[in-house]
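As a plain string of letters, each chain reads:
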Amino acid sequence: MTSQQRQSKILALINQKGFISIDELVELFDVTPQTIRRDLNQMADANKIRRHHGGAERESSTENEDYQSRKIQNLAAKKAMAQQVAAMVPNGSAIFINIGTSTELVARALLQHSALRVVTNNIHVASILSANEDFQVIIAAGEVRHSDGGIVGEATCDFISQFNMDIGIIGISGIGDDGSLLDYDLREVKVAQAIIANSSKVILAADHSKFGRSAMVKQASINQIDVLVTDQAVPEKVANILSEQNIAVIICD
């Protein structure tokens, strides 16, 4: 097992239990305490967990990691996912793109397309896509969130609801074992719900770190999407839901 695979399993355990000790992890993975400490330190440096003497606990369920940290986490996987999502968007499509570092990479991957009509509540996405003069880019009205350039609020929801788009491309902060799509900001969640409700097809881009991760607000259920694009095998409980609902899963290795 590689350190990345072990850390992914550790993160899932911490999200599930809240706190886990070094001794438990040593016994579970049959490695030295030094190896586990190194794993936990690396995960803490990446703001995935909170490190404590003797173990670690999950990050707060009420506050997301800062924007700059999220931009570099699992970057290679997110780029591969972005290319896959872009490949699913035909030229001439009308699409929503919401807030998130993964969706910003999707925007970059779409730059070689033609005649796209894009509605977004993400300032960074609008800036990226404006480089293609063949695109029509519409930015939603509302309050700009200083932390990440997201646009949120009741005005944003009302604006989004005026459109009927071919594809909605969304990101997420966490996915519960029951298939709940979770986020931190109620205002952002309401905008995402409007995007889902007004899209003929919904594509969710979520890397492996989002599974089992806790967040305070339920955005939707995974059975409301049409395609999941991720980078590793989906946990069994979520995989069963996806299979039962005939939701397509694409794994970018």
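Just above, that's the structure.
Here is a short report on the structure shown in this document. In this text, all values refer to a predicted model and were calculated from it rather than measured experimentally.

### A look at the overall build of the protein chain
So, step 1. In terms of regular secondary structure, the protein chain is built from ten helices and 15 strands.
So, step 2. For a compact globule of 253 residues, the expected C-alpha radius of gyration is about 18 Å, and the protein chain comes in at 18 Å, within 12% of that figure.
So, step 3. The C-alpha extent of the protein chain, read off along each of the three principal axes, is 55 × 35 × 30 Å.
So, step 4. Residue burial in the protein chain is summarised as follows: out of 253 residues, 54% are buried.
So, step 5. Partitioning the contacts of the protein chain with sequence separation of at least 6, the portion at a separation of at least 24 is 61%.
So, step 6. Surface summary for the protein chain: the accessible area is close to 11,600 Å², and the carbon and sulfur share equals 46%.
So, step 7. The average position of the 23 basic charges and that of the 30 acidic charges among the side chains of the protein chain differ by 3 Å.

### Topic: the packing of helix H2 (residues 22-29) against helix H3 (residues 33-45)
If you want to describe how two helices pack, look at the angle between their axes and the distance between the axes.
So, step 1. Running from amino to carboxyl end, H2 crosses H3 at an angle of 115 degrees, the nearest separation of the two axes being 9 Å. One finds that H2 runs roughly perpendicular with respect to H3. H2 and H3 meet at a crossing whose hand is right-handed. Residues Ile22, Leu25, Val26 and Phe29 of H2 lie in contact with H3, whose contacting residues are Pro33, Ile36, Arg37 and Leu40.

### Details of the environment of Ala192
So, step 1. Assignment of secondary structure puts Ala192 in helix H9 (residues 186-197).
So, step 2. Each C-alpha atom, one on Ala192 and one on Ile169, is 9.6 Å from the other, the two residues being 23 residues apart in sequence.
So, step 3. Aside from chain neighbours lying at most four places away, what touches Ala192 is Asn98 and Gln219.

### Remarks on H2
So, step 1. Those residues of H2 that sit buried are Ile22, Leu25, Val26 and Phe29. End-on, the buried residues of H2 take up no more than an arc of 105 degrees, which puts them together on one face. For H2, the exposed residues lying more than 90 degrees away from the buried face are Asp23, Glu27 and Leu28.
So, step 2. Two residues or fewer after H2 comes Asp30, characterised by a positive phi angle close to 55 degrees.

### Describing the packing of helix H5 (residues 75-87) against helix H6 (residues 101-109)
So, step 1. Contact pair H5 / H6: the axes reach a minimum separation of 8 Å and the direction vectors enclose 55 degrees. Compared by their axis directions, H5 and H6 come out oblique. Crossing of H5 over H6 shows right-handed handedness. Mapping the contact onto sequence places Leu75, Lys78, Lys79, Ala82, Gln83, Val85 and Ala86 in H5 and Thr101, Ser102, Leu105, Val106 and Ala109 in H6.
So, step 2. Residue classes in the contact of H5 with H6 are distributed as seven nonpolar, three polar and two charged.

Procedures and definitions
Residues numbered from 1 in each chain as written. Predicted model: local features only at pLDDT ≥ 70, side-chain atom pairs only at ≥ 80, totals over all residues. Heavy atoms only, no water. Helix = DSSP H or I, 4+ residues; strand = E, 2+ residues; numbered from the N terminus. Rg over C-alpha atoms; globule rule 2.2 N^0.38 Å. Buried < 20%, exposed > 50% of the residue type's maximum accessible area, 1.4 Å probe, protein only. Contact = heavy atoms within 4.5 Å. Areas by Shrake-Rupley, 256 points an atom, 1.4 Å probe, with all protein chains shown as cover. Lys, Arg positive; Asp, Glu negative; His and termini not counted. Charge placed at Lys NZ, Arg CZ, Asp CG, Glu CD. Axes fitted to C-alpha atoms, helices over the stretch in contact; angles between N-to-C directions. Parallel < 35°, antiparallel > 145°, perpendicular 65-115°, else oblique. Left-handed = near helix turned anticlockwise from the far one by under 90°. Arc of directions from axis to C-beta. Nonpolar A, V, L, I, M, F, W, Y, C, P; charged D, E, K, R; others polar.

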